[in-house]
Amino acid sequence: MRVGDVASWERTFTENDILLFNQVSGDQGVHHVTPDEQGRLMVHGLLTATIPTKIGGDMNFIAREMKFQFHRPVFAGDTIKCEATIVQFEPAEQYISARTDFVCRNQHGKEVMTGHAQGIVRQPR
């Protein structure tokens with residue numbers, strides 16, 4: 001891994017994903033349990049945020065700080081692709097200090113979420 005590397009992942013959210021996250025998080029906001037005028041359930045912001053979290057997991061990244069900015073809603077049936085770019089990668093004795101900036105877009109190419117994650121990657125023993 002080095003500065004400038006980009007990792008991506010995408011997923012399509014389902015109504016079942018939303019209902020399971022309702023149970024796990026306890027967030028029963030009306031917009032997550034009652035369909036809108038178009039019959040869609042809104043995906044939780046933190047459920048959307050699992051996409052860059054998954055990318056970090058693939059890097060063995062341990063987050064110390066994460067910031068998310070939500071630009072537009074995500075609904076059941078939307079496919080979200082997230083691209084995370086390594087913008088800092090500084091080896092130290094026992095770990096690597098790292099930061100990624102990420103942007104997540106829906107199937108129409110519109111930004112739904114941006115942000116960054118700061119943390120460490122442990123050095124192999």
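Keep in mind that this is a model prediction, so the values were computed, not measured. (Residues numbered from 1 in each chain as written. Predicted model: local features only at pLDDT ≥ 70, side-chain atom pairs only at ≥ 80, totals over all residues. Heavy atoms only, no water.)

1. What about the overall build of the protein chain?
Thinking step 1. A tally of regular secondary structure across the protein chain gives four helices and five strands.
Thinking step 2. The order of α-helices and β-strands along the protein chain, N terminus first, is β-α-α-α-α-β-β-β-β.
Thinking step 3. Across its three principal axes, the protein chain shows a C-alpha extent of roughly 55 × 30 × 20 Å.
Thinking step 4. For the protein chain, buried positions account for 37% of its 125 residues.
Thinking step 5. Taken as a whole, the protein chain presents about 7400 Å² of accessible surface, with 49% of it coming from carbon and sulfur.
Thinking step 6. Within the protein chain, one finds 13 positive and 15 negative side-chain charges whose respective centroids are separated by 4 Å. (Helix = DSSP H or I, 4+ residues; strand = E, 2+ residues; numbered from the N terminus. Buried < 20%, exposed > 50% of the residue type's maximum accessible area, 1.4 Å probe, protein only. Areas by Shrake-Rupley, 256 points an atom, 1.4 Å probe, with all protein chains shown as cover. Lys, Arg positive; Asp, Glu negative; His and termini not counted. Charge placed at Lys NZ, Arg CZ, Asp CG, Glu CD.)

2. Considering the side chain of His-44
Thinking step 1. In this fold, His-44 is placed in the loop between α2 (30-33) and α3 (45-48).
Thinking step 2. Looking at His-44, the relative accessible area reads 2%, which means it is buried.
Thinking step 3. Of note is the side chain of His-44, whose polar atom sits 3.4 Å from the backbone oxygen of Asp-27.
Thinking step 4. If we skip the residues at most four places from it in the chain, His-44 touches Ile-18, Phe-21, Asn-22, Ser-25, Asp-27 and His-32. (Polar contact = N/O pair within 3.5 Å; in protein donor to acceptor, adjacent residues only side chain to side chain. Contact = heavy atoms within 4.5 Å.)

3. A look at helix α1 (residues 15-25)
Thinking step 1. Where α1 is concerned, the buried positions are Asp-17, Ile-18, Phe-21 and Asn-22. Along the long axis of α1, the arc covered by the buried residues comes to 145°, so they all point the same way. Those residues of α1 that are exposed and angled more than 90 degrees off the buried face are Gln-23 and Val-24.
Thinking step 2. Looking at the packing, one finds that the buried side of α1 touches β1 (6-12), α2 and α3. (Arc of directions from axis to C-beta.)

4. A look at the pattern of salt bridges
Thinking step 1. Under the criterion given, the structure shown has five salt bridges.
Thinking step 2. Asp-17 is the salt-bridge partner of Arg-11, the closest N and O atoms lying 2.8 Å from each other.
Thinking step 3. Judged by relative accessible area, which is 19%, Asp-17 ranks as buried.
Thinking step 4. Across the pair Lys-54 and Asp-58 runs a salt bridge, and its minimum N-O distance is 2.6 Å. You can see Lys-54 and its partner Asp-58 sitting in helix α4 (residues 50-58), four residues apart, about one turn around the helix.
Thinking step 5. Judged by relative accessible area, which is 54%, Asp-58 ranks as exposed. (Salt bridge = Lys/Arg side-chain N within 4 Å of Asp/Glu carboxyl O.)

5. Notes on the sheet that holds strand β5 (residues 111-122)
Sheet strands associate in pairs through backbone hydrogen bonding, adopting either a parallel or an antiparallel arrangement.
Thinking step 1. The sheet built from five strands is open, its strands ordered β1-β3-β4-β5-β2 with antiparallel pairing. A strand with exactly one partner marks an edge of an open sheet, and here the two such strands are β1 and β2 (61-70). Across the sheet, the mean angle from the axis of one strand to that of its neighbour is 20°, orientation sign disregarded.
Thinking step 2. Sheet topology note: the β1/strand β3 (residues 79-91) ladder contains seven bridges and is antiparallel. Note on β3: the bridge partner recorded for Trp-9 is Cys-82. (Pairing = 2+ DSSP bridges. Axes fitted to C-alpha atoms, helices over the stretch in contact; angles between N-to-C directions.)

6. Comments concerning the nonpolar core
Thinking step 1. Formed by 26 residues in total, the largest nonpolar core has its most connected members in Phe-13, Ile-80 and Cys-104.
Thinking step 2. At the level of elements, α1, α4, β3, β4 (95-105) and β5 are the ones that each hand at least two residues to this core.
Thinking step 3. Excluding anything up to four places from it in sequence, Ile-80 contacts Trp-9, Glu-10, Arg-11, Phe-13, Ile-51, Val-74, Cys-104, Arg-105, Asn-106 and Val-112. (Core = buried A, V, L, I, M, F, W, Y, C linked by side-chain atoms within 4.5 Å.)

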